[in-house]
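# Per-entry structural report
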Amino acid sequence: MMVAERGASKNTYDAYHRDLSRYLEFVGNAGQDGETASPETVRGFLADLAADGLAARTQARKLSAVRQFHGFLLLEGYRADDPTSTVDAPRLGRPLPKVLQFEEVGALLAAAAEVEGWRGARMSALLEILYATGLRVSELVGLRLSSLSRDGRIVTVRGKGGKERIVPLSPDARTLLQEWLVLRDAAEEGARTKGQAASRFLFPTQSKAGHMTRHRFYLLIKEIAVVAGISPAKVSPHKLRHAFATHLLANGADLRAIQTLLGHADVATTEIYTHVLEKRLADLVLNHHPMAKD
């Protein structure tokens, strides 16, 4: 149902599979199953997660999977009630995203440019596209050749829930991508002469998926951080996505436009970046509001 009706991606499917497998194992140990689990058992499951030291946000995500599972059982007539309806979710804080400074992003790009050969060209293109578009890492590594427009100015991205959005590429991103495509196409031509099938992806590899994996890119970006003299703990693909949004907002971009570029379904998700810029927003009011004048 999640795949066929909601268009869930493989990553979402795998996450639900893990969460529900753990839940059903806990329920089974209590002598129940999905059709007989009680609200007390669901609360016990949450308590078990907390005892394992899982963060409140992780507990809430797993509870969300359990809620949707029991909602499915109720809708399909497997049971007449929903045991999660009276279960409160863990209280969540709202941590602010940790953001790389513009100079740190520049250092990462400079370090990638120092790597020789096709590896350097590929990493430079990946980093520049990521910072220029704010794509999710799975969206970035899974980009297909067909995603790129003929003039190379925009990419069509398939995000969460199978929703498509159009994202423009900066001039630097277009340049580095074209440099990478020359090397990529030469390698593909060599593979074809050996009877190998052509790849559909912008960043092909020998992985099972046919493109660079999220984990591999995560490790590569950590290596580049070391070369750039930045603590690897400060750098991840998602933090570059945060940097994209925060730096756009800091330079006057509209919040709704950033929401569209990031692929957020709800602008409330995007609004967290306004908290990162509280000082700038306060200065904006003090400097431009007519009542703030002496």
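First, a word on what this report is: a plain description of the structure on this page. (Residues numbered from 1 in each chain as written. Predicted model: local features only at pLDDT ≥ 70, side-chain atom pairs only at ≥ 80, totals over all residues. Heavy atoms only, no water.)

Glancing now at the layout of surface pockets. Roughly 490 Å³ of volume is contained in the second largest pocket. Breaking the lining of the second largest pocket down by element, the ones donating at least two residues are α5 (117–133) and α7 (171–193). A total of six residues in the lining of the second largest pocket trace back to one element, the largest contributor, which is α7. (1 Å grid on protein atoms, 1.4 Å probe; cavity = no way out; pocket = protein on both sides within 12 Å on 5 of 7 lines; lining within 4 Å. Points joined across faces, edges and corners; volume = space filled by probe spheres on them. Helix = DSSP H or I, 4+ residues; strand = E, 2+ residues; numbered from the N terminus.)

For helix α3 (residues 56–75), spanning 20 residues, the distance from its first C-alpha to its last is 28 Å, which sits close to the expected 28 Å at 1.5 Å a residue. Turning to α3, its buried residues are Gln59, Ala60, Lys62, Leu63, Ala65, Val66, Phe69, His70 and Leu73. Once α3 ends, the next one or two residues include Gly77, with phi positive near 85°. (Expected span 1.5 Å × (residues − 1). Buried < 20%, exposed > 50% of the residue type's maximum accessible area, 1.4 Å probe, protein only.)

Let us look at the pairing of strand β2 (residues 164–168). Alternating residues of β2 divide into Arg165 and Val167, all buried, and Glu164, Ile166 and Pro168, none buried. As paired strands, strand β1 (residues 154–158) and β2 are joined by five bridges and run antiparallel to one another. Within β2, the position partnered with Arg158 by the bridge is Glu164. From the end of β1 to the start of β2, which pair antiparallel, there are five residues, and Gly161 there has a positive phi angle of about 70°. (Pairing = 2+ DSSP bridges.)

This paragraph deals with the side chain of Glu139. By the secondary structure assignment, Glu139 is in helix α6 (residues 137–141). Here Arg165 takes part through its side chain, which lies 2.7 Å from a polar atom of the side chain of Glu139. Setting aside chain neighbours within four positions, we find Glu139 in contact with Val157, Arg158, Gly159, Lys160 and Arg165. (Polar contact = N/O pair within 3.5 Å; in protein donor to acceptor, adjacent residues only side chain to side chain. Contact = heavy atoms within 4.5 Å.)

Before going further, it helps to spend a moment on the packing of α5 against α7. Geometrically, a packed helix pair is captured by the angle between its two axes and the distance between the axes. Running from N to C, α5 and α7 point in directions that differ by 150°, and their axes come no closer than 8 Å. In this view, α5 runs roughly antiparallel relative to α7, as classed from their interaxial angle. Handedness of the α5/α7 crossing: left-handed. Residue-level contacts link Trp118, Ala121, Arg122, Ser124, Ala125, Glu128, Ile129 and Ala132 of α5 to Asp172, Ala173, Leu176, Leu177, Trp180 and Leu183 of α7. Residues belonging to the contact of α5 with α7 are distributed by class as follows: 10 nonpolar, one polar and three charged. (Axes fitted to C-alpha atoms, helices over the stretch in contact; angles between N-to-C directions. Parallel < 35°, antiparallel > 145°, perpendicular 65-115°, else oblique. Left-handed = near helix turned anticlockwise from the far one by under 90°. Nonpolar A, V, L, I, M, F, W, Y, C, P; charged D, E, K, R; others polar.)

Of note, Pro232 is situated in the loop between α8 (214–227) and α9 (237–250). Separated by 11 residues in the primary sequence, Pro232 and Ile221 have C-alpha atoms spaced 8.2 Å apart.

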